[in-house]
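Here are the chains, one letter per residue:
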Amino acid sequence: MPDLHDTIQYYRAQGAPGDQQMLIALVREAQEEMGGVLSRGALAQIAQAVGWKENTLCALIRRVPSIRLEDAPNRLEICGTCKKGAALRAYIEDRWGVRSGESCPSGGFSYHVTPCMKNCAKGPSVRWNGQLYPQAGIGTLEELIGK
């Protein structure tokens, strides 16, 4: 199995610093090599190697649901269109002190308000690590975050 340095060198040769798709592929492969969760140290190493600021790289990877950082290995998404979901969004924002696009290290998740999940008849809907939970309530959120 290649080490992170070899992986970075390969993707740099493929144009990762200037090609966001290649950069995302690099981050995904590094995450896979690290057992499914990307450490902050590895993220810093990648950013330095491709000449990006770490904050800029973080902003890019926040938009890729499959990338998991060690301080927030889970991803919570709540429909932002559904009025039924307003109470769930308020609960997460008040209880956990996060806003959409932020990570909640104490809860181990990143939080994202999404466009319509196309599940309105069974709303409100939430997605936890890509799995859809229809007719979700605060109990559903507490159970998911508590795992």
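This text goes with the structure placed above it.
Our subject in this report is the structure included herewith. (Residues numbered from 1 in each chain as written. Predicted model: local features only at pLDDT ≥ 70, side-chain atom pairs only at ≥ 80, totals over all residues. Heavy atoms only, no water.)

### With respect to the overall build of the protein
Just so we agree on the cut-off: Secondary structure elements follow DSSP: runs of H or I no shorter than four residues count as helices, runs of E no shorter than two count as strands, and numbering proceeds from the N terminus. Burial classes: relative accessible area under 20% of the type maximum marks a residue as buried, over 50% as exposed, and values in between as partly exposed (1.4 Å probe, protein chains only). For this analysis, residues touch if any pair of their heavy atoms sits within 4.5 Å. The method behind every accessible area is Shrake-Rupley, applied with a 1.4 Å probe, and residues are considered shielded solely by the protein chains displayed.
The number of helices and strands found in the protein is six helices and five strands. Principal-axis analysis of the C-alpha atoms gives the protein an extent of 50 × 25 × 25 Å. Among the 147 residues that make up the protein, the fraction classed as buried is 43%. Considering only residue pairs separated by 6 or more positions, the protein has 55% of its internal contacts joining residues 24 or more positions apart. Put simply, the protein shows about 7900 Å² of open surface, and 49% of that area lies on carbon and sulfur atoms.

### Section: empty space enclosed by the protein
Just so we agree on the cut-off: The definitions used throughout rest on a 1 Å grid laid over the protein atoms alone, on which a cavity is an enclosed set of points accommodating a 1.4 Å probe that cannot get out and a pocket is an open set flanked by protein within 12 Å on both sides along at least five of seven lines; lining residues are those having an atom within 4 Å of a point. Grid points are joined across faces, edges and corners, and a volume is the space filled by probe spheres set on the points. Residue polarity follows a fixed list, in which Ala, Val, Leu, Ile, Met, Phe, Trp, Tyr, Cys and Pro are nonpolar, Asp, Glu, Lys and Arg are charged, and the others, Gly among them, are polar.
Summed over all chains, the structure comprises one cavity of 30 Å³ or more. Size it by volume and the largest cavity reaches roughly 50 Å³. In terms of lining residues, the largest cavity is bounded by Cys79, Cys82, Cys116, Met117, Lys118, Asn119, Cys120, Gly123, Pro124 and Ser125. For the lining of the largest cavity, the per-class residue count stands at six nonpolar, three polar and one charged.

### Let's talk about the layout of surface pockets
As a volume, the largest pocket reaches approximately 170 Å³. For the lining of the largest pocket, the elements supplying multiple residues, two or more each, are helix 4 (54-61), strand 1 (74-79), strand 2 (102-104) and strand 3 (109-114). The residue makeup of the lining of the largest pocket, split by class, is six nonpolar, four polar and five charged.

### Considering the nonpolar core
One broad trend across soluble globular proteins is that nonpolar side chains are buried collectively. Test applied: We define a nonpolar core as any set of buried Ala, Val, Leu, Ile, Met, Phe, Trp, Tyr and Cys residues linked to one another through side-chain atoms lying within 4.5 Å.
With 23 residues, the main nonpolar core has Leu23, Leu26, Ile46 and Leu57 as its most contacted residues. Of all elements in the fold, only helix 1 (4-13), helix 2 (20-33), helix 3 (40-50) and helix 4 reach the threshold of two or more residues within this core. With sequence-adjacent residues up to four places away left out, Ile46 is seen in contact with Leu4, Ile8, Leu23, Leu26, Val27, Ala30 and Leu57. In this structure, Ile78, Tyr133, Leu141 and Ile145 belong to the second largest nonpolar core, which totals 17 residues.

### Digging into the environment of Arg62
Its place among the elements puts Arg62 in the loop between helix 4 and strand 1. According to the relative accessible area criterion, Arg62 is partly exposed, its value standing at 41%. Considering only alpha carbons, one finds Arg62 and Tyr111, 49 residues apart in sequence, at a separation of 9.8 Å.

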